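The lines below spell out each chain.
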Amino acid sequence: MSQDSVNPSDVSLPPQSATKITYLDGRPTEITLRRVKLELMREGKVETHVFDKDVVTVGATPDNDLVLEDETVSRNHCRIFQEGDHYLIRDLDSTNGSFINRVRIREAWLKPDCVVSLGKSEMRFAPVDEKLRIVPSDKQRFGEIIGRDAKMREIYAIFEKIAPSDATIVIEGETGTGKEVVARTIHQESRRRDGPFIVFDCGAVPENLIESELFGHEKGSFTGAISTRLGVFELATGGTVFLDELGELQLDLQPKLLRVLEQREVKRVGGTRSIKVDVRIVAATNRDLEAEVKAGRFREDLFYRLSVVRVNLPPLRERKDDIPLLIKHFLRTCNFNRTKDGQRKVVNISRATLDKLLEYNWPGNVRELLNVIERAVSFADTNTIEVRDLPDHIAIPHQRLVSAHHVDMPGGTGSVEGMAAFNAQDMSDEAALALHMPTGKFKDAKEQWISSFERDYIENLLRSNDNNISHAARQADIDRKYFRKLMKKYEISAADDMSYDDSTESTQG
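In this convention, every chain numbers its residues from 1, walking through the sequence in written order. For a predicted model such as this one, the threshold for reporting local features is a pLDDT of at least 70, and the threshold for listing and counting side-chain atom pairs is 80 or more; totals across whole chains, interfaces and linings nevertheless cover every residue. Working from all heavy atoms in the structure, the side-chain values ignore hydrogens and water.

Some details on the overall build of the chain
- Check the secondary structure of the chain and you find 16 helices and 23 strands.
- Under the scheme applied here, a residue whose accessible area is under 20% of the maximum for its type counts as buried, over 50% as exposed, and between as partly exposed, the area being computed with a 1.4 Å probe on protein chains only. Within the chain, buried positions represent 50% of all 509 residues.
- Contact between two residues is taken to exist if any of their heavy atoms lie within 4.5 Å; hydrogens are not considered. When contacts within the chain are restricted to residue pairs at least 6 apart in sequence, long-range pairs at least 24 apart make up 62% of them.
- If you sum the accessible surface of the chain, you get close to 24700 Å²; carbon and sulfur atoms cover 48% of it. Going along the chain from the N terminus, every DSSP run of H or I of four or more residues is numbered as a helix, and every run of E of two or more is numbered as a strand. Every accessible area reported is derived by Shrake-Rupley at a probe size of 1.4 Å, with residue values counting cover from the shown protein chains alone.

As structure tokens, then:
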């Protein structure tokens, strides 16, 4: 084998992103888009084909990216794909083989300007780098994404460059930062906009059903498989698959996802044949995937295959200037602010109320803000949201959350309903806190305090996570079954609490 045709197993190359974002002092300054250029040489003429995909298939049938009308070329002859900062070619058991500079290969690294021979056809390979300076957009929104903070406008500039391509994207960020909204916007701004957009939450489907949901199954492949079913990737052909909570994907299923990324084909559960799929993959996670790789919970090869482009969404506490803009958007577009005749119920928010919202730290991010505004609209007596319409933990800083049911106080009696008549806004923070402090025997008071804290904590987490039990348990860093046990203990129910079995959580969010 010549120097231009090297066995990948003999070479150690740095696992870098194929599409690079260059940072300076923590801010993105430049994006490098990598494309594949194949110059097909036919009858003394050169046909140039440029692909912005991370996997390019070559063969004689129309389902390939590059179709060669050559009887010596197999139906599916070879595949060219990105591996970190480099490219590999893999022969797909073709009849007449694949050659690099006249040396037959099964799999090899591609060097710039090398000649690839497939049957009687020849093409020259060349990677194409396009370096683009990232200039923050002057827009206040990009598709469905709202925000004018500098960090958001830098993200807009990145999305403007990569959305039209088929590059795989990983969206990182805390729970509630709007990763699904970003994924949907990327789909809408791509050339796949007319194709399907399918969401799959890796953390919300029972473990025994995930493989069937993702890859489909054949009739009779397992108990209950009464008919053939298409998986997510087949259903999304021509469009985009959004894999939410990617870090939750089981380790034994990760190689199968890697197969989809590398080969753009799936094999159904119980099936024997591979089925080609044409999808773009956008994934999201609130976990540190690099840390998950080091801990052995996420495959390194899958991590680098997915990380063509990685974008981190800032939490709402780091872009509080966007809060008024987001509130205005919610009040203008959300159905919860519409009367029966289609008019807006609330049109304003008082300065004092806005100040309270700006003081709050928003652990649930944009999703929590949306829920708070929806609640405020339902409580509002006028067309303006006032401080009294906000939840107590926002309206009265430092106050412990108070649950909305009767609380028996050791050493005395009382209820939240009775306390509500007391104007807490006229109290100091210390007085508001003392109002809800249990008294009496230390042991009894301690148990009462802990029980009340647990109840309020669970309710607040569910509220900030849009009633998604799986997400709430993950934010609390406790097991979902224990989280549900606490819900049962305090008779707390979630609006979307539907399950296949005891370990299944809501798929919303």
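Quick word on the nonpolar core
- To define a nonpolar core, start from buried Ala, Val, Leu, Ile, Met, Phe, Trp, Tyr and Cys residues and group those joined through side-chain atoms within 4.5 Å. One finds Leu214, Phe233, Leu243, Leu246 and Leu257 to be the most contacted residues of the largest nonpolar core, which totals 32 residues.
- The set of elements that each furnish at least two residues to this core consists of β16 (197–201), α3 (207–215), α4 (232–235), β17 (240–244), α5 (254–263), β20 (280–285), α6 (289–294) and α7 (300–306).
- Counting residues per element, this core draws most heavily on α5, at 4 residues.
- Setting aside residues no more than four positions away along its own chain, Leu214 makes contact with Phe200, Gly231, Val232, Phe233, Leu243 and Leu249.
- Leu132, Ile171, Phe197 and Leu313 belong to the second largest nonpolar core, which has 28 residues in total.

Here we look at unusual backbone geometry
- With phi around 50 degrees, Asn101 is a residue other than glycine that occupies positive phi space.
- The residue Asn101 is located in the loop between β8 (98–100) and β9 (103–105) in this model.
- We classify Asn101 as partly exposed; its relative accessible area is 29%.
- For Asn365, which is not glycine, the phi dihedral falls at a positive 60 degrees.
- Mapped onto the elements, Asn365 comes out in helix α10 (residues 365–379).
- The buried category is assigned to Asn365, whose relative accessible area is 0%.

Structural notes on the side chain of Lys179
- One can find Lys179 in helix α2 (residues 179–188).
- No salt bridge is formed by the buried Lys179; the nearest opposite charge belongs to Glu245, separated by 5.3 Å.
- Side-chain polar atoms of Lys179 contact the backbone oxygen of Gly173, separated by 3.1 Å.
- Aside from chain neighbours lying at most four places away, what touches Lys179 is Ile171, Glu172, Gly173, Glu174, Phe242, Ala284, Thr285, Asn286 and Leu313. In this tally, Asp and Glu contribute negative charge and Lys and Arg positive charge; neither His nor the terminal groups of the chain are included. A carboxyl oxygen of Asp or Glu within 4 Å of a side-chain nitrogen of Lys or Arg is what we treat as a salt bridge. Under the rule applied, a polar contact is a pair of N or O atoms within 3.5 Å (in protein, one hydrogen donor and one hydrogen acceptor; residues adjacent in sequence only if both atoms are side-chain atoms).

Points about the packing of aromatic side chains
- Note on aromatic contacts: the rings of Phe and Tyr and the six-membered ring of Trp form a pair at centre separations within 6.5 Å, being stacked when their planes are under 30 degrees apart, edge-to-face when over 60 apart, and tilted otherwise. Applying the stated criterion across every chain yields a total of 7 aromatic pairs.
- The aromatic ring of Phe379 is capped on one face by Arg375, whose charged end is 4.2 Å from the ring centroid. Look at NZ for Lys and CZ for Arg. If either is within 6 Å of the ring centre and within 35 degrees of the ring normal, a charge sits over the ring.

Some points on the sheet that holds strand β4 (residues 55–59)
- For two strands to be treated as a pair, DSSP must find no fewer than two bridges joining them. Taken in spatial order, the 5 strands make up an open sheet running β5-β4-β6-β7-β10, and their pairing is mixed. Since the sheet does not close on itself, it has two edges, and those belong to β5 (66–67) and β10 (107–109), each with one partner.
- With 4 bridges joining them, β4 and strand β6 (residues 78–83) adopt antiparallel strand pairing. Pairing of Val55 across the sheet is with Phe81, part of β6.
- To get an axis, a line is fitted to the C-alpha atoms, and for a helix only the part in contact is used. The angle between two axes follows their N-to-C directions and goes from 0 to 180 degrees. Along the sheet face, α5 touches β4, β6 and β7 (86–91) and points at about 110 degrees away from the line of β6.

Concerning a positive patch on the surface
- Taken together, the side chains of Arg141, Arg148, Lys328, Arg332, Arg338 and Arg344 define a basic patch exposed on the protein surface.
- Mapped onto the elements, Arg332 comes out in helix α8 (residues 323–333). The patches reported here contain residues having more than 30% relative accessible area and no salt bridge. Joining distances are 9 Å for like charges and 5 Å for nonpolar side chains (Val, Leu, Ile, Met, Phe, Trp, Tyr). A charge is said to be at NZ when it belongs to Lys, at CZ for Arg, at CG for Asp and at CD for Glu.

Focus on the sheet that holds β16
- An order of β16-β17-β20-β15-β21 is seen for the 5 strands of this open sheet, with the pairing classed as parallel. In this open sheet, the two edge strands, each paired with only one partner strand, are β16 and β21 (309–312). When strand polarity is set aside, the average angle formed by the axes of neighbouring strands in this sheet is 20 degrees.
- Sheet topology note: the β17/β20 ladder contains 4 bridges and is parallel. Of the residues in β20, the one forming a bridge with Val241 is Ile281.

Structural notes on the pattern of salt bridges
- If you walk through the whole model with that rule in mind, you get 30 salt bridges.
- For Arg102, the salt bridge identified is with Glu122, shortest N-O distance 4.0 Å. Remark: Glu122 occurs in strand β12 (residues 121–133) and Arg102 occurs in the loop between β8 and β9; sequence separation between them is 20 residues.
- With a closest N to O distance of 2.8 Å, Arg319 and Asp322 form a salt bridge. By the burial criterion, Arg319 is buried, and Asp322 matches it.
- If you follow the salt bridges from partner to partner, you end up with Glu245, Glu248, Arg287, Glu292, Arg297 and Arg474 in one network.

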